[in-house]
Amino acid sequence: MISSPPHTPVQNILLLSCMDLRLLDETVAFMDRIGMTNRYDHVILAGASLGASYDGLPHWGQTFWDHVDIARELHDIREIYILEHSQCGAYRKLLGLVFGEHDETEALAHAEVASRLKSQIRDRHPDLGVRAFLMDLSGGVTELAI
Ligand SMILES: [Zn+2]
């Protein structure tokens, strides 16, 4: 678990997270912990990076891209943080992936999907930074290598 990333952004960012009701307070607590209180636009899609990039739900992806555009225009965001979480129902429902507790393949699956979205972001917005994190159900957060 990390209490803060290696650096706290000095600019506004956009946070993409899952809708999961179990982690709403933990998500805000994480952003506060890394010094981003009231400095991020928040886009919520079930599955986070999966929701934004899943081929079977292109309108979700369009919603994500539209919000990136308006966040840039209104708040000059410079980075996108992707916040995945463990035991995500969207990964189960959309991909049929079920992970056990302390399952090492879970982080790999999230990193793979987040990495795919990062590539798409870089294609459309090469000047935006992208980082990805995985939150456990206790609110602990690790950064994913993407
Ligand atoms: Zn989820």
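Reading guide: rules and limits
- Residues numbered from 1 in each chain as written.
- Predicted model: local features only at pLDDT ≥ 70, side-chain atom pairs only at ≥ 80, totals over all residues.
- Heavy atoms only, no water.
- Pairing = 2+ DSSP bridges.
- Helix = DSSP H or I, 4+ residues; strand = E, 2+ residues; numbered from the N terminus.
- Axes fitted to C-alpha atoms, helices over the stretch in contact; angles between N-to-C directions.
- Contact = heavy atoms within 4.5 Å.
- Buried < 20%, exposed > 50% of the residue type's maximum accessible area, 1.4 Å probe, protein only.
- Arc of directions from axis to C-beta.

**Q** Would you mind showing me how to read the sheet that holds strand 1 (residues 13-17) here?
**A** Paired through their backbone hydrogen bonds, the strands of a sheet run either parallel or antiparallel. An order of 2-1-3-4-5 is seen for the 5 strands of this open sheet, with the pairing classed as mixed. Because the sheet does not close on itself, it has two edges, and the strands there are strand 2 (40-44) and strand 5 (141-144). Strand after strand, the sheet turns through a mean of 25° between neighbouring axes, direction not considered. Bridging between strand 1 and strand 3 (residues 79-85) involves 5 bridges; their strand directions are parallel. Paired with leucine 14 across the two strands is isoleucine 80, which belongs to strand 3. Against the sheet, helix 1 (residues 24-33) touches strand 1, strand 2, strand 3, strand 4 (129-135) and strand 5, its axis set at about 130° to strand 4. Most of the contacts of helix 5 (residues 104-124) go to strand 4, to which it runs at about 160°, and overall it touches strand 1, strand 3, strand 4 and strand 5.

**Q** Whenever I open this one, helix 1 confuses me. Can you help?
**A** Given 3.6 residues per turn, any residue in an α-helix points the same way as the ones three and four places further on. Restricting attention to buried positions, one finds in helix 1 the residues Thr27, Phe30 and Met31. The buried residues of helix 1 occupy an angular sector of 95° when the element is viewed end-on, so they sit on one face. Contacts made by the buried residues of helix 1 are with strand 1, strand 2, strand 3, strand 4 and strand 5. Looking one or two residues past helix 1, glycine 35 carries a phi angle of roughly 80°, positive in sign.

**Q** Please clarify how unusual backbone geometry should be interpreted in this entry.
**A** Trans peptide bonds make up most of the peptide bonds, and negative phi angles are found at most residues other than glycine. Even without being glycine, alanine 48 reaches a positive phi, approximately 50°. In this fold, alanine 48 is placed in the loop between strand 2 and helix 2 (49-53). A relative accessible area of 1% places alanine 48 in the buried class. With phi around 55°, histidine 102 is a residue other than glycine that occupies positive phi space. One can find histidine 102 in the loop between helix 4 (89-95) and helix 5. For histidine 102, a relative accessible area of 79% puts it in the exposed group.

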